[in-house]
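The primary structure of each chain is shown beneath.
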Amino acid sequence: MTHYGTLLVVDDNPSIFTTLEICLDGVFDRILTLSRPEGILAKLEQENVDVMLLDMNFSLGVNNGQEGLFWVQAVHRRHPHIPIVLMTAYADVKLAVKGLKSGAVDFVTKPWDNHDLIRTLKDAVDAGSEVVSLEKMEKEHVRKVVDKCHGNISKAAELLEISRQRLYKKLGK
């Protein structure tokens, strides 16, 4: 099973952390948690984070999502490679659009469907991963074998179990 690295969850509700740890067991290698967004930038300097799940509201009685939008922009200024999935119990289409325009890669609502949340987080990580073509992988492997053989084409061809002529073609010579 593929693990998706490190998830940083930022939410002011401690029960969210417990729920996510149960829901995401076996999906991520590590799940880091913060109860206040003010610690996000420091945490990102200390840890290698693959994806962030960020609540949008932290102040009591405020549910307009502006805090989450502020933190999406702050994170993207320093760490543009980290995908951010926004999360809120007070969802509306305008807020979701604002979040995406601010740099979030997706948006989930509380309560969430576990399977949808897992798919959303995996998609966020996968979107940043480069898919290498089979041809490129083969070329890199052939080059490594030739380097390992110190440029001895006959030895490299033997290790690769191909003819010298075919090896020359693969090398583009």
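Residues numbered from 1 in each chain as written. Predicted model: local features only at pLDDT ≥ 70, side-chain atom pairs only at ≥ 80, totals over all residues. Heavy atoms only, no water.

Novice: For the packing of aromatic side chains, give the residues involved together with the corresponding values.
Specialist: Two descriptors summarise a pair of aromatic rings, namely the distance from one centre to the other and the angle between the planes of the rings. Within this structure, the stated rule accounts for 2 aromatic pairs. Centroid distance Y4 to F28: 6.4 Å. Interplanar angle 65 degrees. Geometry classified as edge-to-face. Pair noted here: Y4 is in the segment before β1 (6-10) and F28 is in the loop between α1 (14-23) and β2 (30-34), with a separation of 24 residues, a long-range link. Of the two residues examined, Y4 and F28, each falls in the buried class. Geometrically, the ring pair formed by F70 and W71 is edge-to-face, given 5.0 Å between the ring centres and 85 degrees between the ring planes. Looking at W71, the relative accessible area reads 13%, which means it is buried. (Phe/Tyr/Trp six-rings, centres within 6.5 Å; stacked < 30°, edge-to-face > 60°. Helix = DSSP H or I, 4+ residues; strand = E, 2+ residues; numbered from the N terminus. Buried < 20%, exposed > 50% of the residue type's maximum accessible area, 1.4 Å probe, protein only.)

Novice: Describe in detail the pairing of β2, supporting the description with residues and values.
Specialist: In terms of strand pairing, β1 meets β2 through 5 bridges, oriented parallel. Residue L7 lies in a different strand from β2, and its bridge partner there is I31. Assessed by its sense of winding, the connection that carries the chain from β1 through α1 to β2 is right-handed. (Pairing = 2+ DSSP bridges. Right-handed = clockwise from strand over helix to strand, strands pointing away.)

Novice: Describe helix α5 (residues 114-127), listing the residues and the values that go with them.
Specialist: Taking 1.5 Å per residue, 14 residues should reach 20 Å; α5 reaches 20 Å between its end C-alpha atoms and fits that length. The complete set of buried residues in α5 reads L117, I118, T120, L121, A124 and V125. An end-on view of α5 places all buried positions within 160 degrees of arc, on one side of the element. Turned more than 90 degrees away from the buried face of α5, the exposed residues are H115 and A127. Buried residues along α5 sit in contact with β1, α1, β3 (51-55), β4 (84-88) and β5 (106-109). Between the side-chain oxygen of the N-cap and the backbone nitrogen of H115 there are 3.1 Å, and the N-cap of α5 in question is D113. (Expected span 1.5 Å × (residues − 1). Arc of directions from axis to C-beta. Contact = heavy atoms within 4.5 Å. Polar contact = N/O pair within 3.5 Å; in protein donor to acceptor, adjacent residues only side chain to side chain.)

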